[in-house]
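Per-entry structural report
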Amino acid sequence: MTDLIARREALLGPNVPTFYDDPVHIVRGEGVWLCDAKGRRYLDCYNNVAHLGHCHPRVVEAIARQAAQLNTHSRYLHEGILDYGERLVAKFGHGLSQMLMTCTGSEANDVALRMAQAVTGKTGLIATDNTYHGNTTAVAHLSTRRPPIGGYPPHIRRVPAPDSLAPLGGSPEAQAKAFAANVAQAIEELEQAGHGFAGLMLCPIFANEGMPGLAPGFLDTTVDVVKRAGGLILCDEVQPGFGRLGSHWWGHELLGFAPDLVTLGKPMGNGHPVAAVVARPDVMAAFRNAFGYFNTFAGNPVSCAAANAVLDVIEDEGLVENAEAVGAYALGLLQELRHPLIADVRGLGLFFAIEFARNGLPDGAFCGRVVEAAKDRGILLGRVGRAQHILKMRPPLPFSRENAQMLATTLKDILQEMPA
């Protein structure tokens, strides 16, 4: 382990992140389990990339079969991208009937920003001040926790994110109106500065903000503000999409609003690097006519085979229904946990959050101790939130009631041993 860490530092440079204070050396995955070099199994309650479970045999087989036949540029004609795309857009409403494929969610979000600018002819963009939308320069300006070199660009505005501990407007009831008012103010600033307003990018459940438990309709007023200003709603479904929420395939369906475009990423290929933007035809046409866009690897036959297999498995194995049923069961178990620092326990399908606070203030240090203790007991968790004080759990969709019991029992034991 020490040798691996030294080699990483020598080759990859400083400040390369790893999970956990004592990183795990993972060598194999199967279903909801990951296995380290010593043969120890870990219940994966964090990695949404393996949407169907690690190394799902049907996805592995689809990738291998297509790779043995053909993998080439999407500027050649091939049925794979069409067969997949037709299935994918059929999962959407609101006129979202065309697709552009990329390799990563970062690329998809970057394209989404350019789509908004192409439609509106303006450059101003808005996101929350506690989010993450990827690694390209454009989306990093929306999401970085560290100010970019030279400061934030003048065409970017970051509005206060919804918060469960300190709700905007002073109360949960006032938060929706306060969020919309902040967006309206940001739009006015962009217009006055001469940039104009192109679009608002958000995750519909505000996953990286800590999934603050917002009810359907929360964004209605904000959507009205954006539409009246002529901007687009850019909906990042990388985390909530493909049925993770159980009751709905997409987060925007749960919140009850119509996006102008949707971006997809990690779970789309169950670990294979494939992503997409799904948009209305008018939005796609504006982008295609304004930019000479192509992507060598996006939409290649192997990527499309992987993504098609993911849809097959979700449907054939009833994983959306499983997310709803097991998610409700798991949330009930988690809500039975007791500790003085638990401020809230919430969940949507197979997406859960436990928020820790001390005297009403976020307690990131305590949350970090819980994550480390869980890893030591064979469960992989993460954390999120402005102060990294929210336990974040996104297990693969085949997660079972037995897995949920293991998670809840382990957390109960950990919390009982950790004084406030």
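Refer to the structure above for everything that follows.
Now for a description of the structure that goes with this document. (Residues numbered from 1 in each chain as written. Predicted model: local features only at pLDDT ≥ 70, side-chain atom pairs only at ≥ 80, totals over all residues. Heavy atoms only, no water.)

1. Here's the deal with the packing of helix H4 (residues 105-120) against helix H9 (residues 281-290)
Helices that pack against each other are described as a pair by the angle of their axes relative to one another and the distance between those axes. Remark: H4 packs on H9, axes separated minimally by 8 Å, with the N-to-C direction vectors making an angle of 90 degrees. Relative to H9, the element H4 lies roughly perpendicular. Residue-level contacts link Val-111, Arg-114, Met-115, Ala-118 and Val-119 of H4 to Val-283, Met-284, Ala-286, Phe-287 and Ala-290 of H9. In terms of residue class, the contact of H4 with H9 is built from nine nonpolar, no polar and one charged. (Axes fitted to C-alpha atoms, helices over the stretch in contact; angles between N-to-C directions. Helix = DSSP H or I, 4+ residues; strand = E, 2+ residues; numbered from the N terminus. Parallel < 35°, antiparallel > 145°, perpendicular 65-115°, else oblique. Contact = heavy atoms within 4.5 Å. Nonpolar A, V, L, I, M, F, W, Y, C, P; charged D, E, K, R; others polar.)

2. Remarks on the packing of helix H11 (residues 319-334) against helix H13 (residues 401-417)
Relative to each other, H11 and H13 sit at 20 degrees, their axes nearing to 9 Å. On the basis of their axis angle, the class for H11 and H13 is roughly parallel. Of the two possible hands of crossing, H11 and H13 adopt the one that is right-handed. Contacts between H11 and H13 pair Ala-325, Val-326, Tyr-329, Ala-330, Leu-333 and Leu-334 from the former with Arg-401, Ala-404, Gln-405, Leu-407, Ala-408 and Leu-411 from the latter. Class assignment for the residues of the contact of H11 with H13 results in ten nonpolar, one polar and one charged. (Left-handed = near helix turned anticlockwise from the far one by under 90°.)

3. Some details on the sheet that holds strand S1 (residues 26-30)
Within the open sheet, the four strands sit side by side as S1-S2-S3-S14. Their pairing is mixed. Two strands bound the open sheet, and with one partner strand each, they are S1 and strand S14 (379-380). As paired elements, strand S3 (residues 41-44) and S14 share two bridges and run parallel to each other. Looking at the pairing, Asp-44 lines up with Leu-380 of S14. (Pairing = 2+ DSSP bridges.)

4. Some remarks on unusual backbone geometry
Not every positive phi belongs to a glycine, and Asn-270 is a case in point at roughly 55 degrees. Relative to the assigned elements, Asn-270 resides in the loop between strand S9 (261-264) and strand S10 (275-279). The exposure class assigned to Asn-270 is buried, which follows from its relative accessible area of 10%. Within the chain, Gln-388 stands out as a residue other than glycine whose phi angle is a positive 50 degrees. (Buried < 20%, exposed > 50% of the residue type's maximum accessible area, 1.4 Å probe, protein only.)

5. Overview of a nonpolar patch on the surface
Taken together, the side chains of Leu-11, Leu-12 and Val-16 present a nonpolar region at the surface, about 300 Å² in accessible area. Checked against the element boundaries, Leu-12 lands in helix H1 (residues 2-12). (Patch = residues over 30% accessible without salt bridge, like charges linked within 9 Å, V, L, I, M, F, W, Y side chains within 5 Å. Areas by Shrake-Rupley, 256 points an atom, 1.4 Å probe, with all protein chains shown as cover. Salt bridge = Lys/Arg side-chain N within 4 Å of Asp/Glu carboxyl O.)

6. So, the pairing of S10
Buried residues dominate S10, accounting for five of its five residues. Every second residue of S10 is oriented toward a common face, with Ala-275, Val-277 and Ala-279 on one face and Ala-276 and Val-278 on the other, all of them buried. Here strand S4 (residues 98-102) runs beside S10; their pairing, made up of five bridges, is antiparallel. Across the sheet, residue Leu-100 finds its bridge partner in S10, namely Val-277.

7. Focus: helix H3 (residues 79-89)
Regarding H3, the residues found buried are Gly-80, Tyr-84, Gly-85, Leu-88 and Val-89. Taken down its axis, H3 places every buried residue within 130 degrees of arc, on the same side. In H3, the exposed positions angled more than 90 degrees off the buried face are occupied by Glu-79, Leu-82 and Glu-86. Among the structural elements, S4, S9, S10 and helix H10 (301-316) are those in contact with the buried residues of H3. (Arc of directions from axis to C-beta.)

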